[in-house]
Amino acid sequence: MRALVLVPVLKQGRAQPLPEGAPPAPSRSNEARLEEAIGLARAIDLTIVQGLIVAVNQPRPATLLGTGKIAEVTALLDEHDAGLVIVDHPLTPVQQRNLEKAWNAKVIDRTGLILEIFGRRASTKEGTLQVELAHLNYQKGRLVRSWTHLERQRGGAGFMGGPGETQIEADRRQLQDKIIKLERELEQVVRTRQLHRAKRRKVPHPIVALVGYTNAGKSTLFNRITGAGVLAEDMLFATLDPTLRRMKLPHGRTVIMSDTVGFISDLPTHLVAAFRATLEEVLEADLVLHVRDMSDPDNGAQSADVRRILDDLGIDEKERSERIIEVWNKIDRLDPENHDGILQKAAGRENVMPVSAISGEGVDTLLDVISQRLSGVLTEATITVPADKQAVVSWLYANAVVQGREDHDDGSVSLDVRLTDRQADELERKLGAKKPADKEDWER
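Since the model is a prediction, treat every value here as computed from it, not as a measurement.

A. Summary view of the sheet that holds strand β2 (residues 47–56). Strand order in the open sheet formed by 4 strands is β2-β1-β3-β4, with parallel pairing between adjacent strands. Each end of this open sheet is capped by a strand with a single partner; those strands are β2 and β4 (106–109). Pairwise comparison of adjacent strand axes, ignoring direction, gives a mean angle of 20° for this sheet. Here 4 bridges tie strand β1 (residues 2–10) to strand β3 (residues 84–87), and the two strands are oriented parallel to one another. Paired with Ala 3 across the two strands is Leu 84, which belongs to β3. Where helix α3 (residues 93–103) meets the sheet, its contacts fall on β1, β3 and β4, and the angle it forms with β4 comes to roughly 145°.

Below, the structure is given as structure tokens:
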């Protein structure tokens, strides 16, 4: 379908004073908003005939836009033979209906467009249910557009008949019944996800979650690190459903990597509520990688949007500094001067790693940092495992770094290992022995 994209820019009122010492929030340029809106539209295979930035001095309650701009858009639709207008701004049901009448074309706002993308991308049962629930909640308030000719129906008994249930009321009731049914199905899915989390806790592998603005390169980095075949394209919301993979870090530690749905500015509240269970994977993570597209001029504003959503999930500023590593991705797209500047800037900051998921630059260093953050200080020790506890040998190979091995005639095994304090506590419980001192034998 041929479509026209409009980005309304509302006149800003008096700005709120910032707290003393607080840096100003990064702002997104109008050109970047237009480019993002066009990218969202192309993500569902629309042909964009033109994109416009529209200044709105006084929003109209009935149409949002003024009569002159409405007439201009009407001429553009006729010129390009387009049948769809995408307005990158929330529209009320009345505004949407009036614009469709004025333009004789279908009109969808930013929320409707994102819902359409998510509906196409959802592939698992959970994702499909979440999108359908969000879509029904969005649609419930817009039924007036479809049934204006059936606003009042006759009903009841008697000659004249009393006011019966209107068609719109009947449709709203049917939608509410569907919503209740979906919420019950989602509750079951959430319980299943909680069971999976409980099982993962029994096998204490740390969880590393990737978050970031949509199209920041999370799935490409996920594939580079884990060798998974997750869909990764230069497209907004190329992947939707979360993917988990188990992998070994360079020092031998087994972790679970989680690739989550991308964030976006002005994420519809219906979607935030529906995808709460999915986004909570981030809360369960031991370490969070915040992937940023450093080749995007608006990456500062995108980063602020991600931090805002993390705040909504309950990850505050102090927790972010302890659990989050910023991954400055796509440095391969920068010119040599900016590339070197990014490396120097990152070198002076803690919890920042510059990488290229495409070329692999910096990825090995990132894995070393992840390993150090999860492992802490490693203790070197020689551990002798008796013959009747050979299961401990397998556990050590899976969880510690085994550097040497010697098998004895009595069936016991001596292993030179490096392990963390937490792993040493677990080994103490398994063997019933004391923690090892550095480079000393640990025998039962």
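B. Here's a closer look at helix α4 (residues 110–121). Taking 1.5 Å of rise per residue, the 12 residues of α4 would be expected to cover 16 Å, and the 17 Å separating its terminal C-alpha atoms lies within 8% of that figure. Where burial is concerned, most of α4 is hidden: 9 out of the 12 residues are buried. Looking only at α4, the buried set comprises Arg 110, Thr 111, Gly 112, Leu 113, Ile 114, Leu 115, Ile 117, Phe 118 and Arg 121.

C. Broad picture of the environment of Ala 55. With respect to the helices and strands, the residue Ala 55 is situated in strand β2. The class of Ala 55 is exposed, set by a relative accessible area of 63%. Ala 55 sits 48 residues away from Val 7 along the chain, and the two C-alpha atoms are 8.5 Å apart.

D. Representation of the pairing of strand β11 (residues 324–329). Summarising burial for β11: 6 of the 6 residues are buried, a large majority. Every second residue of β11 is oriented toward a common face, with Ile 324, Glu 326 and Trp 328 on one face and Ile 325, Val 327 and Asn 329 on the other, all of them buried. Where strand β10 (residues 287–293) meets β11, 6 bridges bridge the pair, whose relative direction is parallel. In the sheet register, His 290 faces β11, and the bridge partner there is Glu 326. Relative to strand β12 (residues 352–354), β11 runs parallel, the two being bridged by 3 bridges. What sits directly across from Trp 328, in β12, is Pro 354. For the crossover that starts at β11, traverses helix α12 (residues 336–347) and ends in the parallel β12, the hand is right-handed.

E. Structural view of the pattern of salt bridges. Evaluated as defined, the whole model comprises 10 salt bridges. The salt bridge partner of Arg 110 is Glu 36, with a shortest N-O separation of 2.8 Å. With Arg 110 in helix α4 and Glu 36 in helix α1 (residues 30–42), this residue pair connects regions lying 74 residues apart in the sequence. Here the two residues Arg 110 and Glu 36 agree in accessibility, since each one is buried. Two residues, Lys 430 and Glu 426, come together in a salt bridge whose shortest N-O distance is 3.8 Å. On the criterion of helical spacing, the pair formed by Lys 430 and Glu 426 is a turn pair, its members being 4 residues apart in helix α15 (residues 421–431). For Glu 426, a relative accessible area of 24% gives the class partly exposed. Members of the salt-bridge network, linked through shared partners, are Arg 33, Glu 36, Asp 88 and Arg 110.

F. Here's a closer look at the sheet that holds strand β8 (residues 243–248). In spatial order, the strands read β8-β9-β7-β10-β11-β12; together these 6 strands make up an open sheet with mixed pairing. At either end of the open sheet lies a strand with only one pairing partner, and these are β8 and β12. Mean inter-strand twist for the sheet, computed between neighbouring axes without regard to direction, equals 25°. Against the sheet, α12 engages β11 and β12, with an angle of about 155° to β12.

G. Layout of the packing of helix α14 (residues 391–399) against α15. Taken N-terminus to C-terminus, the directions of α14 and α15 make an angle of 170°; their axes are 11 Å apart at the nearest point. Considering the angle they form, α14 stands roughly antiparallel to α15. Of the residues in α15, those touching α14 at Val 392, Trp 395, Leu 396 and Asn 399 are Gln 423, Glu 426, Leu 427, Lys 430 and Leu 431. Of the residues contributing to the contact of α14 with α15, the split by class is 5 nonpolar, 2 polar and 2 charged.

Quick notes on the rules
Residues numbered from 1 in each chain as written. Predicted model: local features only at pLDDT ≥ 70, side-chain atom pairs only at ≥ 80, totals over all residues. Heavy atoms only, no water. Pairing = 2+ DSSP bridges. Helix = DSSP H or I, 4+ residues; strand = E, 2+ residues; numbered from the N terminus. Axes fitted to C-alpha atoms, helices over the stretch in contact; angles between N-to-C directions. Contact = heavy atoms within 4.5 Å. Expected span 1.5 Å × (residues − 1). Buried < 20%, exposed > 50% of the residue type's maximum accessible area, 1.4 Å probe, protein only. Right-handed = clockwise from strand over helix to strand, strands pointing away. Salt bridge = Lys/Arg side-chain N within 4 Å of Asp/Glu carboxyl O. Parallel < 35°, antiparallel > 145°, perpendicular 65-115°, else oblique. Nonpolar A, V, L, I, M, F, W, Y, C, P; charged D, E, K, R; others polar.

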